[in-house]
Amino acid sequence: MEHESVDTQNDETLLSISDIRQAAADGIISDADSQNLIAWAGSRPAGTTAQSSIAETAVEQSQGFNLVTVAYYFGAMLMISACAWFLGDKWESLGSRGVLITTVIYFIIAAGTGWWLRGKGYIIGGGLLVTVAVCLVPLITFTIEDITGLWPGKDPGAYKNYYPLIHGSWIAMELATMMAAGIALRFVRFGFLTAPLAFSLWFFSMDVAALILGRESLDWNTNAWIGVGVGVGTMLIGYGLDRTLHTPGVPRSQDFGFWCYLFGLMAFWGCLTSINSDSEIKRAFYLLLNIGLVGIALYLKRTVFLVFGAIGIHLYLGHLAYVVFKDSFLFPFALALLGLSLILITVWTQSYLRRMSKAA
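Residues numbered from 1 in each chain as written. Predicted model: local features only at pLDDT ≥ 70, side-chain atom pairs only at ≥ 80, totals over all residues. Heavy atoms only, no water.

Another aspect to go through is the overall build of the protein. A tally of helices and strands in the protein yields 15 helices and 0 strands. Burial analysis of the protein (360 residues in total) assigns 43% to the buried set. Relative to all contacts within the protein whose residues are 6 or more apart in sequence, the contacts with residues 24 or more apart total 65%. As presented, the protein carries roughly 19,600 Å² of accessible surface, and 67% of it is formed by carbon and sulfur atoms. (Helix = DSSP H or I, 4+ residues; strand = E, 2+ residues; numbered from the N terminus. Buried < 20%, exposed > 50% of the residue type's maximum accessible area, 1.4 Å probe, protein only. Contact = heavy atoms within 4.5 Å. Areas by Shrake-Rupley, 256 points an atom, 1.4 Å probe, with all protein chains shown as cover.)

Rendered as structure tokens:
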């Protein structure tokens, strides 16, 4: 009899958005399940009890281009700049141990506050602070290596060389950052956490090649081909994250593939485009690859592939117009075709993006 009473009471109990998020914070349900449940309830027809409850108790404005999101991300970028970049230049004032202590304190504050905010329902703000903590891992790792004198290769010098200089001794910092991002994603399902993961993977590819080849600098073509390979790998990781961290058939609460796709395309497409080629066959193959990117965009419904593919196609068309047909009477026709194709592809792109927006 008591069991039946409890069931009746549970049927009448209303869970707010804060209750769902607190359940995730307490480990009752996963963070991804809480996000999916909130998104599902919010997508129900207007007037339903669940949707009304969520609308009344929401504590944070939804994601999108709005003042709240801009303020969040701008604040996160300021913290990353202050803690990870500018603090790295204070070696003379603080010393290695001082920088390590300061950075660890920042890390604890950012991670702890981020976890606390997510428990209170501020998913975006809390997730960004956890991401800031992950972005501090390279500096923390560097200070430990500097204090102990243990480097994968030679001493790389000052921390400020980390971003512009390819060096084999940076790989420990990149591996630690990727590991930290992976652990954070295990407990905090926040899409932006894949940004430091993808960024570190990109840097790791160049630095590990320098370590293996025993050279601190590589020639342009070597760097470019490594970038092409890493770009493909990064996109595949993004595809894997998108499939494993998101359950098919339920509303999407976080985009776990975007940053890996973006950094992967920057590495793959950028490096491939920068490689000099004196063969028209290779340039034609470049065109096919960009057409393939457009096809991937349609399959994955990802605009980022469409943008890079369209730019690549028009670069090839420009090569035809200004190089292949430069001294030919066909040049005006090729130039006209280039202009017409640009207009038509722009129109098609707008139509495609509009359909995607409606579908979303």
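Within the chain, K301 stands out as a residue other than glycine whose phi angle is a positive 60°. With respect to the helices, strands and loops of the structure, K301 is situated in the loop between α13 (280-300) and α14 (303-324). Residue classification places K301 among the exposed residues on the basis of a relative accessible area of 57%.

Okay, the confidence of the model for the protein next. This prediction gives the protein a mean pLDDT of 75; 72% of its residues lie at or above 70. Here residues 1-12 is a poorly scored stretch, pLDDT under 50, and it has 0 contacts once near neighbours within four places are set aside; other chains count. (pLDDT = per-residue confidence, 0-100.)

For the rest of this paragraph, the subject is the nonpolar core. Among the nonpolar cores identified, the biggest contains 32 residues, and L128, V134, F190, L193 and L241 are the most heavily contacted of them. Secondary-structure elements contributing two or more residues to this core are α5 (67-86), α7 (123-135), α9 (171-187), α10 (194-213), α11 (220-244) and α12 (258-274). Per element, the largest residue contribution to this core is 7 residues, and it comes from α7. Core analysis: the second largest hydrophobic core is formed by 25 residues, A224, F268, W269 and V304 among them. (Core = buried A, V, L, I, M, F, W, Y, C linked by side-chain atoms within 4.5 Å.)

Before going further, it helps to examine the packing of aromatic side chains. For the structure shown, the criterion picks out 13 aromatic pairs. Between F199 and F263 the ring centres are 5.9 Å apart and the planes differ by 70°, which places this aromatic pair in the edge-to-face class. Here F199 is found in helix α10, whereas its partner F263 is found in helix α12, with 64 residues between them in sequence. In this structure F263 comes out as buried when scored by relative accessible area, which is 13%. Aromatic pair Y261 and F305: ring centres 5.1 Å apart, planes at 65°, arrangement edge-to-face. Placement of Y261 in helix α12 and of F305 in helix α14 is noted, with a sequence separation of 44 residues between them. Look at Y261 and you get buried, because its relative accessible area is 2%. Through a chain of ring-to-ring contacts, the aromatic side chains of F142, W151, Y159, Y162, W170, F192, F199, F203, F258, W259 and F263 assemble into a single cluster. The ring of F187 carries R186 above its face, with NZ or CZ at 5.4 Å from the centroid. (Phe/Tyr/Trp six-rings, centres within 6.5 Å; stacked < 30°, edge-to-face > 60°. Lys NZ or Arg CZ within 6 Å of the ring centre and 35° of its normal.)

A surface patch of nonpolar side chains, amounting to about 380 Å² of accessible area, comprises I101, I105, Y106 and I109. Mapped onto the secondary structure, I109 falls in helix α6 (residues 91-119). (Patch = residues over 30% accessible without salt bridge, like charges linked within 9 Å, V, L, I, M, F, W, Y side chains within 5 Å. Salt bridge = Lys/Arg side-chain N within 4 Å of Asp/Glu carboxyl O.)

This paragraph deals with the packing of α12 against α13. Put simply, α12 and α13 touch, their axes get as near as 11 Å, and they point 165° apart. Looking at the two axes, α12 sits roughly antiparallel to α13. The two elements α12 and α13 meet at a crossing, and its hand is left-handed. Listed contacts from α13 to Y261, L265, F268, W269, L272 and T273 of α12 are Y286, L289, N290, L293 and L300. (Axes fitted to C-alpha atoms, helices over the stretch in contact; angles between N-to-C directions. Parallel < 35°, antiparallel > 145°, perpendicular 65-115°, else oblique. Left-handed = near helix turned anticlockwise from the far one by under 90°.)

One way to see where empty space is left: roll a probe the size of a water molecule over the atoms. A volume near 420 Å³ is recorded for the second largest pocket. Looking at the second largest pocket, it is lined by 14 residues, and the ones nearest its centre are L272, I275, S277, K282 and Y286. When residues of the lining of the second largest pocket are traced back to their parent elements, those giving at least two are α12, α13 and α14. Of the residues belonging to the lining of the second largest pocket, the class tally is 8 nonpolar, 4 polar and 2 charged. (1 Å grid on protein atoms, 1.4 Å probe; cavity = no way out; pocket = protein on both sides within 12 Å on 5 of 7 lines; lining within 4 Å. Points joined across faces, edges and corners; volume = space filled by probe spheres on them. Nonpolar A, V, L, I, M, F, W, Y, C, P; charged D, E, K, R; others polar.)

When you line up the elements, T69 lands in helix α5. Linking T69 and I124, residues 55 residues apart in sequence, is a C-alpha distance of 7.9 Å.

The next point concerns the side chain of T131. As for its placement among the helices and strands, T131 is situated in helix α7. Of note is the side chain of T131, whose polar atom sits 2.8 Å from the backbone oxygen of G127. Setting aside residues no more than four positions away along its own chain, T131 makes contact with F190, F192, L193 and P196. (Polar contact = N/O pair within 3.5 Å; in protein donor to acceptor, adjacent residues only side chain to side chain.)

Turning to the environment of M266, a few remarks are in order. Following the sequence through the fold, M266 ends up in helix α12. C-alpha separation for the pair M266 and G227, spaced 39 residues apart in sequence, amounts to 8.9 Å.

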